[in-house]
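Given next are the chains, with one letter for each unit.
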Amino acid sequence: GIVSTTSASAPERLSGGSDVGSPATRVLAAIVAVGVPVLLLFAFVISPADDSMGDAVRLLYIHVPVAMITYVAFLLTALGSVLYLWKRSRWWDTVAYAAAEVGVVFCGLTLVTGSIWGRPTWNTWWEWSDVRLVTTLVLFLVYVGYLAFRKVPADPETRAKRAAIIGIIGAINIPIINRSVEWWENNTLHQSSSLTDGNLEDLTLFTWFVGAVVFGAAFLWLLIVRFRLAWLEEEIARHGLTVALAERRAESHVGVEQAVGGSIDGKIGGDQP
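Analysis parameters
Residues numbered from 1 in each chain as written. Predicted model: local features only at pLDDT ≥ 70, side-chain atom pairs only at ≥ 80, totals over all residues. Heavy atoms only, no water. Helix = DSSP H or I, 4+ residues; strand = E, 2+ residues; numbered from the N terminus. Buried < 20%, exposed > 50% of the residue type's maximum accessible area, 1.4 Å probe, protein only. Contact = heavy atoms within 4.5 Å. Core = buried A, V, L, I, M, F, W, Y, C linked by side-chain atoms within 4.5 Å. Phe/Tyr/Trp six-rings, centres within 6.5 Å; stacked < 30°, edge-to-face > 60°. Lys NZ or Arg CZ within 6 Å of the ring centre and 35° of its normal. Axes fitted to C-alpha atoms, helices over the stretch in contact; angles between N-to-C directions. Parallel < 35°, antiparallel > 145°, perpendicular 65-115°, else oblique. Nonpolar A, V, L, I, M, F, W, Y, C, P; charged D, E, K, R; others polar. pLDDT = per-residue confidence, 0-100. Arc of directions from axis to C-beta.

Asks: Help me understand the overall build of the chain, please; the structure alone is not making it clear to me.
Replies: Secondary structure assignment for the chain yields eight helices and zero strands. For the chain, the succession of helices and strands along the chain, N to C, is α-α-α-α-α-α-α-α. A burial count over the chain gives 41% of its 273 residues as buried. Contacts in the chain between residues far apart in sequence, at least 24 positions, make up 76% of those at least 6 positions apart.

Asks: I would appreciate a short explanation of the nonpolar core in the present structure.
Replies: Note that soluble globular proteins tend to have their nonpolar side chains buried in a common cluster. Judged by nonpolar contacts, the single largest core of 18 residues is most densely connected at Leu-76, Phe-106, Phe-215, Phe-219 and Leu-223. With seven residues, the single largest contributor to this core is helix α8 (residues 202-271). Residues contacting Leu-76, with those up to four places away along its chain left out, are Val-95, Ala-99, Phe-219 and Leu-223.

Asks: Could you clarify how one ought to interpret the packing of aromatic side chains in this entry?
Replies: Aromatic rings considered in pairs are described by the distance between their centres and by the relative angle of their planes. Counted by the stated rule, this structure contains nine aromatic pairs. On the basis of an interplanar angle of 75° and a centroid distance of 5.7 Å, the ring pair of Tyr-61 and Trp-208 is categorised as edge-to-face. Here Tyr-61, found in helix α3 (residues 60-87), pairs with Trp-208, found in helix α8; they are 147 residues apart in sequence, far enough to count as distant. Overall, the relative accessible area of 1% leaves Tyr-61 in the buried class. Ring centres of Trp-91 and Trp-92 lie 5.0 Å apart, and the angle between their planes is 85°; this geometry places the pair in the edge-to-face category. Owing to a relative accessible area of 31%, Trp-91 belongs among the partly exposed residues under this scheme. Each member of the aromatic cluster is reached from another via a ring pair, and the members are Trp-91, Trp-92, Phe-227 and Trp-231. Looking at Lys-87, its charged tip hangs above the ring of Trp-86, at a distance of 4.1 Å from the centre. Here Arg-150 stacks its cationic end above the ring of Tyr-97, 4.7 Å away from the centre of that ring.

Asks: It is not clear to me how the packing of helix α5 (residues 131-150) against helix α6 (residues 156-171) should be interpreted in this structure. Could you clarify?
Replies: Packed helices, taken two at a time, are described by their axes: the angle between them and the distance between them. As a packed pair, α5 and α6 sit with axes 10 Å apart at the nearest point and diverge in direction by 175°. As far as their axial angle goes, α6 and α5 are roughly antiparallel. Here Leu-139, Val-142, Tyr-143, Tyr-146, Phe-149 and Arg-150 of α5 come into contact with α6, specifically with Arg-159, Arg-162, Ala-163, Ile-166, Gly-167, Gly-170 and Ala-171. Split by residue class, the contact of α5 with α6 holds eight nonpolar, two polar and three charged.

Asks: I would appreciate a short explanation of the confidence of the model for the chain in the present structure.
Replies: Any region with low pLDDT has predicted coordinates that should not be read closely. Scored by pLDDT, the chain has a mean of 81; 74% of the residues are at 70 or more. Of all the helices and strands in the chain, helix α1 (residues 10-15) carries the lowest mean pLDDT, 40, while α3 carries the highest, 94. Of the regions scoring below 50 in pLDDT, residues 4-18 engages in 16 contacts with residues more than four places distant in sequence or in other chains.

Asks: Just to check I follow, could you spell out helix α7 (residues 173-183) for this structure?
Replies: A turn of α-helix holds 3.6 residues, and therefore any two residues three or four places apart point the same way. Residues of α7 that are buried: Asn-173, Ile-174, Ile-177, Ser-180 and Val-181. Summarising the axial view, the buried residues of α7 lie within an arc of 130°, below the 170-degree limit, and thus occupy one face. Those residues of α7 that are buried are in contact with α3, α5 and α6.

And the structure:
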């Protein structure tokens, strides 16, 4: 599972040597560690330059998989949000939160790598008239706002409910981004997908596949680790609240005992000649 619990309290588990790793995360980390140099070798050395884009095409072996993982991450946030609103499950709320945080990282990488690729290809770092660029930026900002909202002090259930609504609304932008090239042909510098036109060479397609596997494994690793951290953070917060309430009750109990004891002593003292 993504998270496991023991009889120890959350602070004890976190400070007592337990970590957020597992055999599954170690396998994913190994795939990423081996896959990244393999991807770079294929992308920047073995694969050929493109006839029209030249060597700039090599950056797409990173940009396209990262963009695809961005969609997956935010769709998972939307799914987790829907299931949280339906079942009021803390597990799904934490999934949505973790996926959004990792998705923001991948979306930021999408914007950066796309901008670097666009400079030699379009002769510009950014073009505000390009619908896909602008809608992707909007997607990034919406989920940055989602993460910021989750840090606002509030009742946990109320905050989770409102964050879920933001997570669902934000995902509406994903199909708009995906189809923007076809819907706004005259307002985009992007070309249609090269993955679906059937004109890719075998080595080019294989390199894209390697990129998808590597970044997919990186996403799963980051998602699981971030989920477990968020779960432990929530347990620590709940534990701290429980301790604080117990201390307040103990203080109130001691205060009542002292007040009652003082009253009794006063009455006894007043009865003495």
